[in-house]
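Spelled out, the chains give:
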Amino acid sequence: MPDSQAASPTIILDRVAIIRGSRLILRNFSLEAESGELIWVRGANGSGKSTLFRALSGLLPIASGTAETRGAIALCDDNLALDLDQPLEKAIGFWTTLDGISPQRLSVAMETLDLGSLAGLPVRLLSAGQKKRGALARLLASNASIWLLDEPYNGLDQANVARLDAAISRHCEAGGIAFVASHIAPTVNVGRSVVIDRPLVEAAI
Amino acid sequence: MKGFARIAWREVRLSWTGGGLWLPIVFYLAVATLFPFVTGPDKALLSRVGGSILWIAALLASLLPIERLVLPDRQSGVLDQLVLRGWADEWIAAAKICGHIIGFGIPLLLATPVAIALLGVPDEKALALVLGLALALPAFAGLGVTIAALTAGLNGASALGGLLLVPLAIPILIFGAGTLDDGATNALQLLAATSLAMTALAPFAAGAALRAARD
């Protein structure tokens, strides 16, 4: 993966506030991340982990403060974004071809998560854990230097948790940034953990 | 541009799988079949109004796919992943419209000769009808995607979609039915102009709706 890494990805959030719906989810939130860091994002249910990821991805506007990201972002959240009627490899392949990624790279990513034998199965027939691995394989195959993983361990068995952690650690060693929002700790060396807690829930408007 | 074609082609594939191809077409032909039962097999009457009936049938058939145009992609995160990759909502909407023109419009055009035969539309009107429908289908597709983007996730989206489509489709219907009159050459040009304007505006309207609904 080093060949495709953008030169030193960085994320700098400075006193950021994010509004979702009409609620102020994050405020005065600052964070800096640089190349090679694995950041474990913790926080109670509804504390704003997913919201933070969506804002970093540019899916939510930032209400105040400044956000600066350098490097392409790949997001893997609850939504699969895979066509259920398509075979798994083709479903992921839609995204990799859109990104201009070679099929070899896709098969490597699928092998990494032990999906090789499932490549021809329609996505709708896969189990929850297998679907999740499919979505993770898309992220693994991407050229993005910043990985945002929202609850990546949900539904994964022990062996696949280990495979995923190994992939995350390789990504960080190659100079990438990985954010892991999870209630269980990644088994690899976590550079830093960020706790999002929101003592104040207030209406934004 | 390759990516645009890929997104549009995905739309075509989605509309041609799972019964999506046949349902609107069968509906369209069903309307053409049912009408003579109501009016009686009066050849003169059918040849006079047959073309207009097919315009209504085409408009109603274009309502059928509205529910699957945007909502599934929003729910499954496909729209999020596209935006994340830097696709503007307007481009996503434009790709969906292109896909819808091919996925829905072309089968409908292919079914039109059958419908014409069923209603016994005279030859001179048949040509104007096919030409008019071909001109109007991009506008129908644009309206369909825009309405789908506006109503995605709302309760009773398809019924609401129907209500929204009717007033917006009136100009198309007026000029479309106008092309069926004898010696109506200007109607075809007006229809083309209206359709062009609607098709050109639709990606912006649908894109704004996609963006506004994202949270």
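Worth saying up front: this structure is predicted, and the values here are computed from it rather than measured.

**Quick word on the overall build of chain A**
Then comes step 1: Scanning chain A from N- to C-terminus turns up 5 helices and 9 strands.
Then comes step 2: Secondary structure elements in chain A, listed N-terminal to C-terminal, are β-β-β-α-β-β-α-α-α-β-α-β-β-β.
Then comes step 3: Against the 2.2 N^0.38 benchmark of 17 Å for 205 residues, chain A shows a C-alpha radius of gyration of 17 Å, consistent with a compact globule.
Then comes step 4: Overall, chain A is about 50 × 35 × 30 Å in size when its C-alpha atoms are taken along their principal axes.
Then comes step 5: Taking contacts inside chain A between residues at least 6 apart in sequence as the whole, the part at least 24 apart equals 76%.

**Some remarks on the UniProt feature "transmembrane region" (unreviewed entry) in chain B**
Then comes step 1: The positions that UniProt labels "transmembrane region" (unreviewed entry) are, in the present scheme, residues 21-39, 45-66, 101-121, 127-150, 157-178 and 190-210 of chain B.
Then comes step 2: This span, residues 190-210 of chain B, is 100% helix and 0% strand, and a straight line between its end C-alpha atoms measures 30 Å.

**A look at the pairing of strand S3 (residues 38-42) of chain A**
Residue and element names in this part refer to chain A.
Then comes step 1: Alignment of S3 against strand S7 (residues 177-181), held across 4 bridges, turns out to be parallel. Its bridge partner lying in S7, Trp-40 is registered against Val-180.
Then comes step 2: The pairing of S3 with strand S8 (residues 192-195) spans 4 bridges and is parallel. If you follow Val-41 over to S8, its bridge partner there is Val-194.

**With respect to the sheet that holds S8 of chain A**
Residue and element names in this part refer to chain A.
Then comes step 1: If you walk across this open sheet you meet the 5 strands as S5-S6-S7-S3-S8, and the pairing is parallel. Strands at the two margins of the open sheet, each flanked by one partner only, are strand S5 (73-76) and S8. The mean inter-strand angle of the sheet, taken between neighbouring strand axes irrespective of direction, is 15 degrees.
Then comes step 2: Contacts from helix H5 (residues 158-173) reach S3, strand S6 (146-150) and S7, with the element oriented near 145 degrees to S7.

**Some words on the nonpolar core**
Then comes step 1: Ranked by internal contacts, the top residues of the largest apolar core, which has 120 residues, are Leu-148 of chain A together with Ala-149 of chain B.
Then comes step 2: Broken down by element, this core gets its largest block of residues, 16 residues, from helix H8 (residues 123-151) of chain B.
Then comes step 3: When sequence neighbours within four positions are dropped, the list of residues in contact with Leu-148 of chain A reads Phe-53, Leu-56, Ser-57, Ile-73, Ala-74, Leu-75 and Phe-179 of chain A.

**With respect to helix H1 (residues 49-56) of chain A**
Residues and elements named next belong to chain A.
Then comes step 1: With 8 of 8 residues buried, H1 is to be regarded as a mostly interior element.
Then comes step 2: For H1, the set of buried residues is Lys-49, Ser-50, Thr-51, Leu-52, Phe-53, Arg-54, Ala-55 and Leu-56.
Then comes step 3: Looking one or two residues beyond H1, the residue adopting positive phi is Gly-58, at roughly 85 degrees.

**Things to note about the environment of Ala-205 of chain B**
Then comes step 1: Its place among the elements puts Ala-205 of chain B in helix H10 (residues 185-213).
Then comes step 2: Ala-205 of chain B sits 62 residues away from Leu-143 of chain B along the chain, and the two C-alpha atoms are 9.3 Å apart.

**A few points about the pairing of S7 of chain A**
Then comes step 1: Across the 5 residues of S7 of chain A, 5 count as buried, placing the element largely inside the fold.
Then comes step 2: Side chains Ile-177, Phe-179 and Ala-181 of chain A of S7 of chain A all project onto a buried face; the interleaved residues Ala-178 and Val-180 of chain A project onto the opposite face, where all are buried too.

**What to know about the environment of Ser-62 of chain B**
Then comes step 1: Mapped onto the elements of the fold, Ser-62 of chain B is located in the loop between helix H3 (43-61) and helix H4 (66-69).
Then comes step 2: Leave out the neighbours within four places in its chain, and Ser-62 of chain B touches Phe-104, Phe-140 and Gly-144 of chain B.

**Digging into the interface of chain A and chain B**
Then comes step 1: Taken together, the contacts link 17 residues of chain A with 15 residues of chain B.
Then comes step 2: Looking at the side of chain A that touches chain B, the elements that each hand over two or more residues are S5 and helix H2 (88-98) of chain A.
Then comes step 3: In the side of chain A that touches chain B, the residues fall into 8 nonpolar, 5 polar and 4 charged.

Cut-offs applied
- Residues numbered from 1 in each chain as written.
- Chains lettered and ligands numbered in written order.
- Predicted model: local features only at pLDDT ≥ 70, side-chain atom pairs only at ≥ 80, totals over all residues.
- Helix = DSSP H or I, 4+ residues; strand = E, 2+ residues; numbered from the N terminus.
- Rg over C-alpha atoms; globule rule 2.2 N^0.38 Å.
- Contact = placed C-beta atoms within 7 Å.
- UniProt positions renumbered as here; feature names shortened; annotations may be inferred.
- Pairing = 2+ DSSP bridges.
- Axes fitted to C-alpha atoms, helices over the stretch in contact; angles between N-to-C directions.
- Core = buried A, V, L, I, M, F, W, Y, C linked by C-beta atoms within 7 Å.
- Buried ≥ 20, exposed ≤ 12 C-beta atoms within 10 Å, placed from the backbone.
- Nonpolar A, V, L, I, M, F, W, Y, C, P; charged D, E, K, R; others polar.

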